[in-house]
Amino acid sequence: MVHHLGVSEAKARGRRPGGEDTRGVVLVAARAEFAARGYQKASMRAIARAAGVDAALLHHYFGSKDRLFMAALEFPFEPQAVVAEVFGGDPATVGERVAGFVLGLWEQPAVRDRLLALVRTAAASEEVAALMRSFMVAELVDRVAAQLDVEQPELRVELVMSQIVGLAVARYVIGVEPLASAPPEVLAPLLGRTVQGYLTG
């Protein structure tokens, strides 16, 4: 389950040693810092200070701010890896790759539950929605748009995102038929053609 971002900052005196408890304290501090400052303005140093640990420990546990954010919100995939693997190949078949990745992700029950929790939380909380917007623009939209040789690349990427979220809600939340029970192999080429049109048409 996704934790609400309004959790109070963890207070600590001195520096905590590493350990599972420390990792949990860091995640609580990270949620509070991201909620207070937003994804762009939150810093690893400020999160470390709130958690009472050395900033080097955050880099040891999480590596980077985007990975810390994903851990704090239990985000189930790394946008940077998706950009490299899905959008880094032949532009003529990018829609097919996006559709395959999206359906492969959503068809995993555990991953689907986490994604739906994020969607529902963002829909109910402007605080979380603002964080998700900031994170997705910085880590996914801007990266993909930079690879597109078309007009209005950011708008096109966001249209793809709207298609994916709409599909998820209709198929997995509302359960609209025959969409809800259509096999992924039937949906993939249809979704792929729409995505291809958005990105390169």
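This text follows the structure it describes.
This structure is a prediction, so every number in the text was calculated from the model and none was measured.

Calculation criteria
Residues numbered from 1 in each chain as written. Predicted model: local features only at pLDDT ≥ 70, side-chain atom pairs only at ≥ 80, totals over all residues. Heavy atoms only, no water. Helix = DSSP H or I, 4+ residues; strand = E, 2+ residues; numbered from the N terminus. Buried < 20%, exposed > 50% of the residue type's maximum accessible area, 1.4 Å probe, protein only. Phe/Tyr/Trp six-rings, centres within 6.5 Å; stacked < 30°, edge-to-face > 60°. Axes fitted to C-alpha atoms, helices over the stretch in contact; angles between N-to-C directions. Parallel < 35°, antiparallel > 145°, perpendicular 65-115°, else oblique. Left-handed = near helix turned anticlockwise from the far one by under 90°. Contact = heavy atoms within 4.5 Å. Nonpolar A, V, L, I, M, F, W, Y, C, P; charged D, E, K, R; others polar.

(A) Unusual backbone geometry, seen in detail. Between glutamate 177 and proline 178 the backbone carries a cis peptide bond, its omega angle lying at 10°. Along the chain, proline 178 falls in the loop between α9 (153-174) and α10 (184-200). You will see that glutamine 152, though not glycine, has its phi angle at about 50°, which is positive. Tracing the sequence through the fold places glutamine 152 in the loop between α8 (126-145) and α9. The exposure class assigned to glutamine 152 is exposed, which follows from its relative accessible area of 54%.

(B) Structural detail: the packing of aromatic side chains. Scanning the model with the defined rule gives 3 aromatic pairs in all. Pairing tyrosine 61 with phenylalanine 62 gives two aromatic rings, centres 5.9 Å apart and planes at 55°, and the pair type is tilted. By relative accessible area, which is 25% here, tyrosine 61 ends up partly exposed.

(C) Region of the structure containing the packing of helix α7 (residues 109-124) against α8. Contact geometry of α7 with α8 gives a least axis separation of 5 Å together with a crossing angle of 120°. Judged by the angle between their axes, α7 and α8 are oblique. When you trace α7 past α8, the crossing you get is left-handed. The segment α7 lies against α8, with Leu118, Thr121, Ala122 and Ala124 engaging Glu126, Val128, Ala129 and Met132. Here the residues of the contact of α7 with α8 are counted per class, giving 6 nonpolar, 1 polar and 1 charged.

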